[in-house]
Amino acid sequence: MKKSNWLALALFAAASVCLRVWQNLTGFEETGLARRGNLPALLLPLVFALAAAYFVAASRKLPSGGAPDMADCFRFARMPAALCAVAGAFLVIGGAAAYVMEERTLTHLLLAGFAIAAAVSVLATAGALRRGSAVPGVVLFVPVCCLVVFLIFLYRADASDPVLARVYVEILATAALTFAALKRAAFAVGDGSPRVWLPACALSAVLSLSAAADGRSLAALLFFAGSALVEFGFLASAKF
């Protein structure tokens, strides 16, 4: 990406994290209900909308489809990109371990297993691209399937919470990560669209950092922070 786009991404990410922390501190009553007219609660969706609009506009000149081989689009020979992706994958694995430690149920074990599978897939993808070799499509579709399962369980768990302001960020973040992973996997089968993938990836990173700022649990913090780092890694490696 251009330096101006990186600057915009940093500003949107910082603003969303600060607003989410501010909202968590001031936006809810002692009963748990959301306060009406809370300023950060009103500004946070605006920041998300502005980030989406900015990166859609910034990507308008990129190819809409028919991208070349994935190894030509993502250059993990660049050390910052590789470090971000690898560090993010290990944070996700750490989040999976923390999730199991919170409650050792079959559901927690299954979701932790899916998270680890997605992280291993990212490590395999980054390793293959660093060597300049082809990435099998099945490897790239593993995170998509894992995130879909995680999104379903997350939505079911959050559906019992009547306060939408408390749960919508992590649901949006997981949905955005799923979409970004799907559009990234499309590059392996010759159907990649840089014009669609770049804004999806940038927005998923912003949303993931906002979800990490919730501080609802150590597992969620590690998972969303790691996911954001993975997206940063792919953004840093992208060359269209």
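Residues numbered from 1 in each chain as written. Predicted model: local features only at pLDDT ≥ 70, side-chain atom pairs only at ≥ 80, totals over all residues. Heavy atoms only, no water.

Chemist: Can you tell me about a nonpolar patch on the surface, naming the residues and giving the values?
Modeler: Together, Trp22, Leu39, Leu43, Leu46 and Leu50 make up a nonpolar patch on the protein surface, roughly 440 Å² of accessible area in all. Per-element accounting of the nonpolar patch gives the leading share, four residues, to helix H2 (residues 39-58). Residue Leu50 is classed as partly exposed on the basis of its relative accessible area of 45%. (Patch = residues over 30% accessible without salt bridge, like charges linked within 9 Å, V, L, I, M, F, W, Y side chains within 5 Å. Areas by Shrake-Rupley, 256 points an atom, 1.4 Å probe, with all protein chains shown as cover. Salt bridge = Lys/Arg side-chain N within 4 Å of Asp/Glu carboxyl O. Helix = DSSP H or I, 4+ residues; strand = E, 2+ residues; numbered from the N terminus. Buried < 20%, exposed > 50% of the residue type's maximum accessible area, 1.4 Å probe, protein only.)

Chemist: A description of the side chain of Ser121 should follow, citing residues and the corresponding values.
Modeler: Relative to the assigned elements, Ser121 resides in helix H5 (residues 106-131). Within polar-contact distance, the side chain of Ser121 engages the backbone oxygen of Val139 at 2.3 Å. Contact partners of Ser121, with chain neighbours within four places excluded, come to Val139, Leu140, Val142 and Pro143. (Polar contact = N/O pair within 3.5 Å; in protein donor to acceptor, adjacent residues only side chain to side chain. Contact = heavy atoms within 4.5 Å.)

Chemist: Explain the state of the cysteines to me, and be specific about the residues and the numbers.
Modeler: Under the defined criterion, the tally for this structure stands at zero disulfides. Cys73 takes part in no disulfide bond, and the closest cysteine sulfur to it belongs to Cys201, at a distance of 13 Å. Using a relative accessible area of 1% as the deciding quantity, one classes Cys73 as buried. For Cys146, which is in no disulfide, the shortest distance to another cysteine sulfur is to Cys145 and amounts to 6.8 Å. (Disulfide = S-S within 2.5 Å.)

Chemist: Talk me through the packing of H2 against helix H8 (residues 194-212); I want residue IDs and the actual numbers.
Modeler: Two elements in contact, H2 and H8, have axes whose closest approach is 8 Å; the angle formed by their N-to-C orientations is 155°. On the basis of the axis angle, H2 is roughly antiparallel to H8. In this structure, H2 meets H8 at a crossing whose hand is right-handed. Of the residues in H8, those touching H2 at Phe48, Ala51, Ala52, Phe55 and Val56 are Leu198, Pro199, Ala202, Leu203, Val206, Leu207 and Ser210. Grouping the amino acids of the contact of H2 with H8 by side-chain chemistry returns 11 nonpolar, one polar and no charged. (Axes fitted to C-alpha atoms, helices over the stretch in contact; angles between N-to-C directions. Parallel < 35°, antiparallel > 145°, perpendicular 65-115°, else oblique. Left-handed = near helix turned anticlockwise from the far one by under 90°. Nonpolar A, V, L, I, M, F, W, Y, C, P; charged D, E, K, R; others polar.)

Chemist: Got a sec to walk through the nonpolar core? Specific residues and values, please.
Modeler: Of all hydrophobic cores here, the largest spans 60 residues; its most connected members are Phe74, Phe76, Leu129, Trp197, Phe224, Phe234 and Leu235. No other element matches H8, which puts 10 residues into this core. Setting aside residues no more than four positions away along its own chain, Leu129 makes contact with Met70, Ala71, Phe74, Phe76, Val135 and Phe234. (Core = buried A, V, L, I, M, F, W, Y, C linked by side-chain atoms within 4.5 Å.)

Chemist: Help me get a handle on the environment of Ala212, residues and values and all.
Modeler: Following the sequence through the fold, Ala212 ends up in helix H8. Residue classification places Ala212 among the buried positions, given a relative accessible area of 9%. With 31 residues separating them in the primary sequence, Ala212 and Ala181 have C-alpha atoms 19 Å apart. Excluding residues within four positions of it along the chain, Ala212 makes contact with Leu221, Phe224 and Ala225.

Chemist: Explain the packing of aromatic side chains to me, using residue names and the numbers behind them.
Modeler: Across all of its chains, the model carries 10 aromatic pairs by this definition. Ring geometry for Tyr54 versus Phe55: centroids 5.1 Å apart, planes at 85°, classification edge-to-face. For Tyr54, a relative accessible area of 29% gives the class partly exposed. On the accessibility criterion, Phe55 (1% relative accessible area) is buried. Three or more aromatic residues link up through ring pairs in this structure, and these residues are Phe74, Phe76, Phe187, Trp197 and Phe234. The ring of Phe234 has Arg184 sitting right over it, with the charged end atom 4.2 Å from the ring centre. (Phe/Tyr/Trp six-rings, centres within 6.5 Å; stacked < 30°, edge-to-face > 60°. Lys NZ or Arg CZ within 6 Å of the ring centre and 35° of its normal.)

Chemist: Let's hear about helix H9 (residues 218-237): which residues, and what values?
Modeler: With 20 residues, H9 extends 28 Å from end C-alpha to end C-alpha; this agrees with the ideal 28 Å at 1.5 Å per step. With 15 of its 20 residues buried, H9 lies for the most part within the structure. (Expected span 1.5 Å × (residues − 1).)

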